[in-house]
Amino acid sequence: MTTDTSTRIALPGGEMLAWSDLTGRRLPGGGPLAALAARVTPAGARVLLAGPHDPELVDRLAHADVTCLLRSWPDGSALAEDRPVRVVVGGPGGLPADETFDVVIAAAGLDAVESVEGTPVGWDGLLRRLAAVLAPGGTLLLRLDNPVGLTRMVDTAPWYAGRDDADWAVGGALDAGRPANLEQARDRLAGAGLRPGGCFAAYPEPAAPTALVDAGALAARPGSGLLDAVLHGACAPGHGDRPVLQDPARLAVDALHAGLGTALAPGWLVLAHRAAPAVPAVGDPPNPAGTEAGAARPAPAEPGGLPVLWVQTGPPGIGVVEVTAAADGWRWRVPGPVAAATEAPFATRAAAWRDPAVLAGAVPEGRLLRTVLLDACLRRDLAALRRLLRGYAAWLDAHADDAGRLTGATALASLDNVVLADGGACTARDATGAPPTFAVLDPSWRASDPWPVDVTLARGLWRFAAALATGGYAHPWSSTLDVAGLTVVLAGTAGRDLDRATVTAAVDAEVAVTAALRGLDNADRVALADELRAVEPTAPPTGLDSHQQLREAWLRQKAELTRVTALLRWTEELLTSRERALRRAEATINLLSGSLSYRVGRLAITPARLAKRGARAAKRRAKDALAPRRDEQEQQ
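So, here is what we can say about the structure in this document. Worth saying up front: this structure is predicted, and the values here are computed from it rather than measured. (Residues numbered from 1 in each chain as written. Predicted model: local features only at pLDDT ≥ 70, side-chain atom pairs only at ≥ 80, totals over all residues. Heavy atoms only, no water.)

What to know about the pairing of strand β8 (residues 211-214)
Part 1 of the reasoning: Residues Ala211 and Val213 of β8 are buried on one face, and the alternating residues Leu212 and Asp214, pointing to the opposite face, are buried as well.
Part 2 of the reasoning: Pairing analysis gives 4 bridges linking strand β7 (residues 195-203) to β8, with the strands arranged antiparallel. Paired with Ala201 across the bridge in β8 is Val213.
Part 3 of the reasoning: In this structure, β8 lies alongside strand β10 (residues 309-311), joined through 3 bridges in antiparallel fashion. Counterpart to Leu212 in the pairing with β10 is Trp310. (Buried < 20%, exposed > 50% of the residue type's maximum accessible area, 1.4 Å probe, protein only. Helix = DSSP H or I, 4+ residues; strand = E, 2+ residues; numbered from the N terminus. Pairing = 2+ DSSP bridges.)

Some details on the packing of helix α13 (residues 369-378) against helix α14 (residues 382-398)
Part 1 of the reasoning: At a minimum axis distance of 9 Å, the contact between α13 and α14 shows a crossing angle of 150°. Considering the angle they form, α13 stands roughly antiparallel to α14. Here the hand of the crossing between α13 and α14 comes out left-handed. Facing α13, whose interface residues are Leu369, Val372, Leu373, Ala376 and Cys377, α14 presents Ala384, Leu385, Leu388, Leu389 and Tyr392.
Part 2 of the reasoning: Class assignment for the residues of the contact of α13 with α14 results in 10 nonpolar, no polar and no charged. (Axes fitted to C-alpha atoms, helices over the stretch in contact; angles between N-to-C directions. Parallel < 35°, antiparallel > 145°, perpendicular 65-115°, else oblique. Left-handed = near helix turned anticlockwise from the far one by under 90°. Contact = heavy atoms within 4.5 Å. Nonpolar A, V, L, I, M, F, W, Y, C, P; charged D, E, K, R; others polar.)

Description of the environment of Asp21
Part 1 of the reasoning: Looking at where Asp21 falls in the secondary structure, it is placed in the loop between β1 (9-10) and α2 (32-40).
Part 2 of the reasoning: In this structure Asp21 comes out as buried when scored by relative accessible area, which is 1%.
Part 3 of the reasoning: Sequence-wise, Asp21 and Pro52 are 31 residues apart; in three dimensions their C-alpha atoms are separated by 6.8 Å.
Part 4 of the reasoning: If near-sequence neighbours (up to four positions away) are discounted, Asp21 is found in contact with Leu27, Pro52, Arg71, Ser72 and Asp75.
Part 5 of the reasoning: Here the side chain of Asp21 touches Trp19 through a polar contact of 3.0 Å, side chain to side chain.
Part 6 of the reasoning: Among the polar contacts listed, one links the side chain of Asp21 to the side chain of Arg71, at a separation of 2.8 Å. (Polar contact = N/O pair within 3.5 Å; in protein donor to acceptor, adjacent residues only side chain to side chain.)

Brief notes about the packing of aromatic side chains
Part 1 of the reasoning: Per the stated rule, a full pass over the model turns up 4 aromatic pairs.
Part 2 of the reasoning: Here the aromatic rings of Trp395 and Phe438 are separated by 6.1 Å at their centres, their planes lie at 50°, and the arrangement is tilted. With Trp395 in helix α14 and Phe438 in strand β17 (residues 438-440), this residue pair connects regions lying 43 residues apart in the sequence.
Part 3 of the reasoning: The lysine or arginine in question, Arg221, covers the ring of Trp330, its NZ or CZ lying 4.1 Å from the ring centre. (Phe/Tyr/Trp six-rings, centres within 6.5 Å; stacked < 30°, edge-to-face > 60°. Lys NZ or Arg CZ within 6 Å of the ring centre and 35° of its normal.)

Take a look at the structure:
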């Protein structure tokens, strides 16, 4: 350790010398969380990072004076070596009593702050200790895990069965020492002398969220197509590396439409503020306690000016996209670093690329087309399905060029990136009779090359057909159809005649687009192609190891085996009956061939056969003899 590093590490006592918070866990601080922390931290502010955080968060707070409070000596030493920050190792008891901070960030929760080498103070004690070091007018950003959130609901291992080294204290709803919901958390914050502010629901995991959604927005717009797509997209790949009880993406979307998007969120990020000091009267000291004389404390960001949504999509490093609330509705906003980091399509020649400059206008309002179609399938509403699918196909035709090809964002406009922008009308019993109106939800992802309209339509329908078949959704079509066959049927409902060759081209296009969105290399792309081409109705959804979906796939396989077994039994009975009839015919022939009438008839027929055979031979000889004469006559 260098001398400069050692001078930036304080050991006030209570440090854990042989413990590391980096082992076997993901540290919070990247993606949307880093964007939120940077937004609430003004330039020049004094920031306390309480607990272990991702080094990316430290880098995003380069405009502030950062102090990291850790309980692990190895973690503190490694952080001080890599980053020019001040590190205090020893838990909450190591904080100086006379020092305050403008922003306190505890994105790892309060449990990761307390050290077992010190005196345990509990959750409320930790909150009071952090609130005590928060300067007047300062901001606290605190993470809370939901004891009945989506993550625990889909996890195969019960939350109370943790026996790892990090699980020396397993918290749940039964623990009265910590809040179990947002209302209790706000009461605890108020009891610590803080004013609760905004709240963001973290999806798909509290420690590493890829989407942060304002709690008020979740409650106010349960039918928003944007929130539907964001929650489904965040939770779909979020649990792919471990088995789950049921599909978390489906559960998140259902919770959204039921108005429980905040209540069932895996975790929350809560903002709280300490009241600013009153304006001093004439003759009062001009500087507050804990500041230098004449120094002006930077003002924290107001929570009312924060975006309603932070979301990170695409390959790692693509950046975070924001959605802000304006007087005329929600609007896209892209920070500067995202636009600078995005490459043009000619740099990679990928099938799809992202143009963040497009995300500058209003977010189209309406319900997500995929959700509306699923609802119509479950209700067996063929009229609504016909209206929506034909409207979708006509909308694609309207954006095609003279050669029947689509470019830009419309070429990638599948059903999960298109909103029904006519107020959410989804039935065929529309009083106005007007055709549905569609709009691309996220126009930043664009196709590098033009696509035929049929390929775009087939890709969108194939994705929907695969979700219907592998997800076990009830629909009004035959259960014996494969995914390609169901895609052709959906195209027929849309008024288009697609063949299986077009569906195969659409699957290849899906592989190319998915590889571009995920940043896959050649080996992963080949594996993805094999996986998508092998999708069958009797298989579970790709990339999801869900017990519920596996059971549904088993039931579909059982029904298919029952049908095949019945078909084989019928075929065997048919073959048996035909074999018996053949045997009866052979017995009859054998019986007749041994009778006296058969023998007499055979003696009578034999001379006739010989005479007929001789007549044919004589006829051939006569033709051969007359052939030269006929040739001579023709020559004369």
